[in-house]
Amino acid sequence: MNRYFVYLVFLNMLVNIVSYVPQILIGSRFQGAIWAILASVPIGMLLIYTCLKSMSRFPRQGLTDILDSILPRWIGRVLLLMSACQFFMAGCISLLSIADTSIRYISPETPLVMGIFMFLIVICMAAVHRTKQVLYLVEIILFIDVPLILFIIVKAFWNRSYDWDAVATVGMSYSALPTWTALSAATYIFSGYSDLVVVHKAFKQTPSPKSVWLFGALGLAILFASFSIPIAFQGADGVSDYIYPWIITADSMRVELGIVERVLPLFLLLYSGISLGSIIVRWHIASDLLKDCLPSSWSRKKPLTSWIFFAFFASVSLVLAFFFNENNILAVGRVWLNFRLPSEVLIVALILIAARRRRTS
Amino acid sequence: MAESSDFVIRQLDHHDTTVHLFYLKSICDDLKIQRDLVLPLYQADRAESYENYVRSLINQKTSSSPGQLLERVIKGEAIVCIEDTFIANVPMKKPLNSSPGPAEVEVSVVGPKHAFSEELDTNMNVIRSRYTESSLTVERANLESHPKTEIAIFYDRELVDPEVLEGIKKDLKRISDHIVIQAAGQLQRKMSPARRTLFPTVMITERPDRVVLNLSQGKVAILVQGTPFGIVAPAVFYDFMTAMDDVYSHYWTSRFLLVLRYIGLFFNLTMASFYVGLTSYNPEFLRVQLALSIAGSRAPVPYPSFIEVLFMLLMMELLTEASIRLPRTIGSTATTVGGLILGTAATQAGLVSNIMIIIVACVAISNFVLPINEMMFSMRVMKYVFLGITTIFGIMGLVIAFIGLIVHLTRKQNYGRAYLRFFAENGKVVPRKEAG
């Protein structure tokens, strides 16, 4: 089952582009983005390592069982509720972002709410099922999409418009210390491990912490690509003119010898697949955590329960889509990223304490 | 029973013994009865020795109740009554022409050539002689239909997953129908817990080698009396994408063919939808020359692309359906008239574009690449779903529908086994408990 953990982390790394990570990093490219990127790798690796090491003491248990072992029930429930909100918001922001971009650039005549509704049908249909089935789905989506995404990224580095000077110019401001927002955005790359809070229940064994080096290297590479490619294409100054720098960058590439000449549609279609996978995983986890918050008299097995949650998720997303424009969504994404890092550290610290207590007792 | 003209009651007298024979003339072998039942009576010196002789012929317990005896007669056994004290039933069934014919539905290039026959006994013989392991277990049963259909369940009791076997048996027991079940496909439909599913969850095959291969992978096979097709369960998505030749040919060749099939599947599902999406919604995706040449060939076409696609696809489906049911001799005429003449004329008349003809041909041919019939039919239907969604939502809808299809396939369960997962335990012995 270890490979599924790799998939989850990798999925999260890929999806950073639709979660406003490049926008935020580029926004602070002269104010410490370099350090944020460099610092995020050890922080991310440390979090992954600690989480895996501590989780291995709780085979086949999720966050609920771990929290219950050290905290009073009601504090545990509050934390679970907080965690569920985090996961829901993560999915919701990705959803709004990808739906907004893909509808704007691919089918501008479709109303946004209808486009989101289309996404929601598939997401809810998939996320309502068992964890294992969600993992199989993620595996297939990754295997279809990743080769082509790698192709686009490699092509970008190969491209004549890729301007190393612009990257070097941004690199010159290495002395600035990172802002909290930049650091939160950069560490987001590594936060795929936090899916373990629910997915761990479906794993026979906890994934071995040795793989953390792989994640470190992979995360740094993807972070570098997602930060530097827009800068190299649009220039160190011009890149901040765009709300979606990656979309513009993808549109400035072309496949000279392909059937589809422009990279933009290919990029957006692939990314809608990847983000669907990621949203499905997040919402699946959110609904599972919410189910744990229910009073114990309520049967977990009832399919109606999950459907009520998903109806709630879907309606919140639709309401947000109706009232927000891309600037609001970006602001929400920023706030959410700022909150994500401390709450993640808190959860990992609690898991660590629980693991220690279990060892001594 | 006596009203039936093929029911025979014969009275034989020898010395002072009277023997009655009851059988159905139509399904019993007259010569065999004469040789095995009548002649020995006249050669026997005493009634007891004939009785012992008859006893030696019986391979099943003698039934006593009249109802059971009647059932025996219907199944082709002769009832022997010696002086009203001794009753025995002896199998005397005349074998039908039951030699296996060549495989016609699933043709293999280098594999075994014969399919199953229509006779259950012959088929059991075929499987037994191919699967020479003592662990192969055969259970014969009757389906609760009217009239009852005989089936045989095969499995390797050392490899089979008991839960799967239990599930299949339960599904078979659940069947109670007032019409006769005569084909494997019909049985499959009755067995399946989801009555209206589009994707097959058991495989129907006419190839003994496929059945034996699947038995050795721990699956369960069901053969139905009167049809050369067997059911193999549980089947997952990958099983429907493999032909038996994949096992028989070289590694890289078979991999190549497998990839080819997936490409064919992808074309079949999405080609028509891509045409609609790219001409009506996003012509800018294509390179300019291609977009222009499509637009140029569509210039005389007076209606939107989806009507054009639907019209041509419908023509293609009609042709396929017509050529399946027609006798061979007329079939070729139909395809020539339909395919060649209609295609050319429709383009010249400006009803459809040239590129549309290419796409429809591609869709039709790529559909036939799928090796198993049921999957072929499912995908034939599926592509209209895609077409409908693309017509309404454009290319974005197509991508989401494609992911929706994957979602649907991954969430499908088949006797506790995931229908679609990336590295399925295909080709390996199915583990007792699903790993991981």
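Residues numbered from 1 in each chain as written. Chains lettered and ligands numbered in written order. Predicted model: local features only at pLDDT ≥ 70, side-chain atom pairs only at ≥ 80, totals over all residues. Heavy atoms only, no water.

**Overview of the sheet that holds strand β3 (residues 77-82) of chain B**
Within a sheet, each strand pairs with its neighbour through backbone hydrogen bonds, oriented either parallel or antiparallel. Residues and elements named next belong to chain B. Taken in spatial order, the four strands of this open sheet run β1-β2-β3-β4, and their pairing is antiparallel. Of all the strands in the sheet, just β1 (7-14) and β4 (86-91) have a single pairing partner and so form its edges. With direction set aside, neighbouring strand axes in the sheet form an average angle of 20°. In this sheet, β4 lies alongside β3 in antiparallel orientation, the contact comprising six bridges. Each bridged residue has a counterpart across the sheet, and for V80 the counterpart in β4 is A88. Along the sheet, helix α1 (residues 30-43) contacts β1, β2 (17-24), β3 and β4; its crossing angle with β1, the most-contacted strand, is approximately 25°. Contacting β2, β3 and β4, helix α2 (residues 47-57) crosses the sheet at an angle of about 40° to β4. (Pairing = 2+ DSSP bridges. Helix = DSSP H or I, 4+ residues; strand = E, 2+ residues; numbered from the N terminus. Axes fitted to C-alpha atoms, helices over the stretch in contact; angles between N-to-C directions. Contact = heavy atoms within 4.5 Å.)

**Quick notes on the pattern of salt bridges**
In this structure the tally under the stated criterion is 27 salt bridges over all chains. Each member of the salt-bridge network shares a partner with another, and the members are B:E317, B:E321, B:R325, B:R380 and B:K383. (Salt bridge = Lys/Arg side-chain N within 4 Å of Asp/Glu carboxyl O.)

**Considerations on the packing of aromatic side chains**
Under the counting rule described, the total for this entry stands at 24 aromatic pairs over all chains. Where A:F322 meets A:F323, the ring centres are 5.4 Å apart and the plane angle is 90°; that geometry is what we call edge-to-face. Note on accessibility: A:F322 and A:F323 belong to one class, exposed. On the basis of an interplanar angle of 70° and a centroid distance of 6.4 Å, the ring pair of B:F237 and B:Y419 is categorised as edge-to-face. In this pair, B:F237 is assigned in the loop between β9 (230-233) and α8 (245-248) and B:Y419 in the segment after β11 (417-418), connecting sequence segments 182 residues apart. This pair shows no difference in class: B:F237 is buried, exactly as B:Y419 is. Sitting over the face of the ring of B:Y419, B:K412 holds its NZ or CZ atom 5.7 Å from the ring centroid. (Phe/Tyr/Trp six-rings, centres within 6.5 Å; stacked < 30°, edge-to-face > 60°. Buried < 20%, exposed > 50% of the residue type's maximum accessible area, 1.4 Å probe, protein only. Lys NZ or Arg CZ within 6 Å of the ring centre and 35° of its normal.)

**Some remarks on the interface of chain A and chain B**
If you look at the interface, chain A gives 39 residues, while chain B gives 32 residues. Summing both partners gives a buried area of about 3200 Å² for chain A against chain B, and 70% of it is carried by carbon and sulfur. The largest per-residue losses of area from chain A upon contact with chain B belong to A:M118, A:Y136 and A:I140, which jointly make up 18% of the total buried on that side. Remark: the boundary between chain A and chain B carries zero salt bridges. Our count for the contact surface shared by chain A and chain B stands at five residue pairs in polar contact (both at pLDDT 80 or more). Contributing elements (two or more residues each) for the side of chain A that touches chain B: α1 (2-14), α6 (112-127), α7 (131-158) and α13 (263-293) of chain A. With nine residues, α7(A) is the largest single contributor of residues to the side of chain A that touches chain B. (Buried area = accessible area lost by both parts, 1.4 Å probe. Polar contact = N/O pair within 3.5 Å; in protein donor to acceptor, adjacent residues only side chain to side chain.)

**Considerations on the layout of surface pockets**
Residues and elements named next belong to chain B. Empty space within the second largest pocket amounts to approximately 1300 Å³. The wall of the second largest pocket is formed by 35 residues, among which K75, G76, K93, R140 and E150 lie closest to the centre. Both of domain 1 (7-91) and domain 2 (120-235) provide at least three residues apiece to the lining of the second largest pocket. (1 Å grid on protein atoms, 1.4 Å probe; cavity = no way out; pocket = protein on both sides within 12 Å on 5 of 7 lines; lining within 4 Å. Points joined across faces, edges and corners; volume = space filled by probe spheres on them. Domains from an automatic or database assignment.)

**Description of empty space enclosed by the protein**
All names here are of chain A. A complete count under the given rule lists seven cavities of 30 Å³ or more for this structure. Along the walls of the largest cavity sit 21 residues, with Q86, F87, S194, R340 and E344 positioned nearest its centre. When residues of the lining of the largest cavity are traced back to their parent elements, those giving at least two are α5 (73-105) and α15 (326-360). Considering every element that reaches the lining of the largest cavity, the biggest residue donor is α15, with seven residues. In terms of residue class, the lining of the largest cavity is made up of 11 nonpolar, six polar and four charged. (Nonpolar A, V, L, I, M, F, W, Y, C, P; charged D, E, K, R; others polar.)

**Comments concerning the UniProt feature "transmembrane region" (unreviewed entry) in chain B**
Residues and elements named next belong to chain B. Taking the numbering used here, the UniProt-annotated feature "transmembrane region" (unreviewed entry) corresponds to residues 220-238, 259-281, 351-372 and 384-407. In residues 259-281, the share of helix is 100% and the share of strand is 0%. The end C-alpha atoms are 30 Å apart. The span residues 384-407 is 100% helix and 0% strand, and its two end C-alpha atoms sit 18 Å from each other. (UniProt positions renumbered as here; feature names shortened; annotations may be inferred.)

**Concerning the nonpolar core**
Ranked by internal contacts, the top residues of the largest apolar core, which has 208 residues, are A:L25 and A:W283. Counting residues per element, this core draws most heavily on helix α14 (residues 373-411) of chain B, at 19 residues. When we break this core down by domain, the ones giving at least three residues each are domain 2 (120-235) and domain 3 (247-418) of chain B. When near neighbours in sequence (up to four residues on either side) are disregarded, A:W283 contacts A:F87, A:F88, A:G91, A:C92, A:L95, A:L120, A:I123, A:A127, A:F310, A:F313, A:A314 and A:S317. (Core = buried A, V, L, I, M, F, W, Y, C linked by side-chain atoms within 4.5 Å.)

**With respect to the sheet that holds strand β8 (residues 220-224) of chain B**
All names here are of chain B. Within the open sheet, the five strands sit side by side as β5-β6-β8-β9-β7. Their pairing is antiparallel. Every other strand in the sheet has two partners, leaving β5 (136-143) and β7 (203-205) as the edge strands with one partner each. Here the average twist between neighbouring strands, direction ignored, is 25°. Of the strands in this sheet, β5, β6 (149-156) and β8 are in contact with helix α4 (residues 120-130), which crosses β5 at around 165°. Each of β5, β6, β8 and β9 is contacted by helix α5 (residues 162-174), which is oriented at about 175° to β6, the strand it contacts most.

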